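Here is how the chains run, residue by residue.
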Amino acid sequence: MSKKLKNKGTILKNVKIKLKALTILYAEDEIGIRKNIMKTLSYYAKDVYEASNGQEALDLYEKNKPDIIISDIHMPIMDGIEFIKKVREHDKNTPVIMITAHTDKKYLLEAVELHMEKYIVKPINTKMLFEVLGKCINSLNINNTITSVSYTHLTLPTKRIV
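Conventions and cut-offs
- Residues numbered from 1 in each chain as written.
- Predicted model: local features only at pLDDT ≥ 70, side-chain atom pairs only at ≥ 80, totals over all residues.
- Heavy atoms only, no water.
- Pairing = 2+ DSSP bridges.
- Helix = DSSP H or I, 4+ residues; strand = E, 2+ residues; numbered from the N terminus.
- Axes fitted to C-alpha atoms, helices over the stretch in contact; angles between N-to-C directions.
- Contact = heavy atoms within 4.5 Å.
- Core = buried A, V, L, I, M, F, W, Y, C linked by side-chain atoms within 4.5 Å.
- Buried < 20%, exposed > 50% of the residue type's maximum accessible area, 1.4 Å probe, protein only.
- Right-handed = clockwise from strand over helix to strand, strands pointing away.
- Polar contact = N/O pair within 3.5 Å; in protein donor to acceptor, adjacent residues only side chain to side chain.
- Salt bridge = Lys/Arg side-chain N within 4 Å of Asp/Glu carboxyl O.

Concerning the sheet that holds strand 2 (residues 47-51)
Inference 1: Strand order in the open sheet formed by five strands is 2-1-3-4-5, with parallel pairing between adjacent strands. Because the sheet does not close on itself, it has two edges, and the strands there are strand 2 and strand 5 (118-121). Neighbouring strand axes in the sheet, compared pairwise and without regard to direction, differ in orientation by 15° on average.
Inference 2: As paired elements, strand 1 (residues 23-27) and strand 3 (residues 68-72) share four bridges and run parallel to each other. The partner of Ala 27 across the bridge, within strand 3, is Ser 71.
Inference 3: Its contacts with the sheet place helix 2 (residues 31-44) against strand 1, strand 2 and strand 3, and it is angled at close to 170° to strand 2.
Inference 4: The sheet strands contacting helix 4 (residues 80-88) are strand 1, strand 3 and strand 4 (96-100), and the helix crosses strand 3 at an angle near 155°.

Here is the structure:
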C-alpha cells in the first residue's frame, strides 16, 4: 500500500474517532436518503438530529446547537438556503455541508455566501462525506483555538485609573 493511501486511511480513521464527541444536524426531505445517511452518521457521531425540512431543522438547531450541520438545499416549508441564512444571523462558526441533486449556479452562489465547508452533489459518496466531515472537524479545532487564544491574551487592569 502506498504511503499516500495509508495516510488517507489514517486521516479517515481519526475523523471517525473524533466524530464520537460531536453532534450533527442532518436535514433531508427524501426519506430513503435521510435514513441511509442517518444510519451511517449515527454509528460514528455522538448524537445525530434528523429533520425532514428547513423549519424542523431550524427548530432542532435552536434546541440542540449541533457541532456540524448537513443540509439538503431543496426541502419543503423552508429550503436549506433559508435555514442556513437564519442560522448565520447568530452563528457564523458552525460548519455547514450543503447537499443537493442540482448544480444550479444560483443556489451554488447563494450557498457559498453562507460560509460552508462544502457543496456536495447527490448521490452522496460516503468516503467524500467523511473527508468533508474531516474539514468540519479542522474548522471546529481552528475556531476553538482562536477563541481560547483570544481569551488567554485578554488582560484586565489591576489598578483603577481615575
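Still more to cover.
Observations regarding the nonpolar core
Inference 1: Of all hydrophobic cores here, the largest spans 25 residues; its most connected members are Leu 19, Tyr 26, Leu 41, Ile 70, Ile 97 and Leu 133.
Inference 2: Breaking this core down by element, the ones donating at least two residues are helix 1 (3-19), strand 1, helix 2, strand 3, strand 4 and helix 6 (126-152).
Inference 3: By residue number, the principal contributor to this core is helix 6, which donates seven residues.
Inference 4: Not counting residues within four places of it along the chain, the set of residues in contact with Leu 19 comprises Ile 24, Tyr 44, Ala 45, Lys 46, Phe 130, Leu 133 and Ile 137.

As for the pairing of strand 1
For a regular strand, the rule is simple: side chains alternate between the two faces of the sheet.
Inference 1: Burial of strand 1 is extensive: five of the five residues sit out of reach of the surface.
Inference 2: Burial of the side chains of strand 1 extends over both faces: Thr 23, Leu 25 and Ala 27 are buried on one face and Ile 24 and Tyr 26 on the other.
Inference 3: Bridge count between strand 1 and strand 2: five bridges; the pairing is parallel. By the bridge assignment for strand 2, Leu 25 is matched with Tyr 49.
Inference 4: Handedness of the strand 1-helix 2-strand 2 crossover: right-handed.

Focus on the side chain of Lys 122
Inference 1: Looking at the element boundaries, Lys 122 is found in the loop between strand 5 and helix 6.
Inference 2: At a separation of 3.3 Å, a polar atom in the side chain of Lys 122 contacts the side chain of Glu 30.

Concerning the pattern of salt bridges
Inference 1: In the structure shown here, the tally under the stated rule is five salt bridges.
Inference 2: Taking the shortest distance from any N to any O, the salt bridge between Lys 122 and Glu 30 comes out at 3.3 Å. With Lys 122 in the loop between strand 5 and helix 6 and Glu 30 in the loop between strand 1 and helix 2, the pair connects residues that are 92 residues apart, well separated along the chain.
Inference 3: What makes Lys 122 buried here is its relative accessible area of 14%.
Inference 4: Residues Lys 35 and Glu 50 are paired through a salt bridge, measuring 2.9 Å at the closest nitrogen-oxygen approach. Taken as a pair, Lys 35 in helix 2 and Glu 50 in strand 2 lie far apart in primary sequence, 15 residues in all.
Inference 5: Among the residues examined, Glu 50 registers a relative accessible area of 27% and is labelled partly exposed.
Inference 6: Look at the salt bridges and you will find they share partners, linking Glu 28, Glu 30, Asp 72 and Lys 122 into a network.

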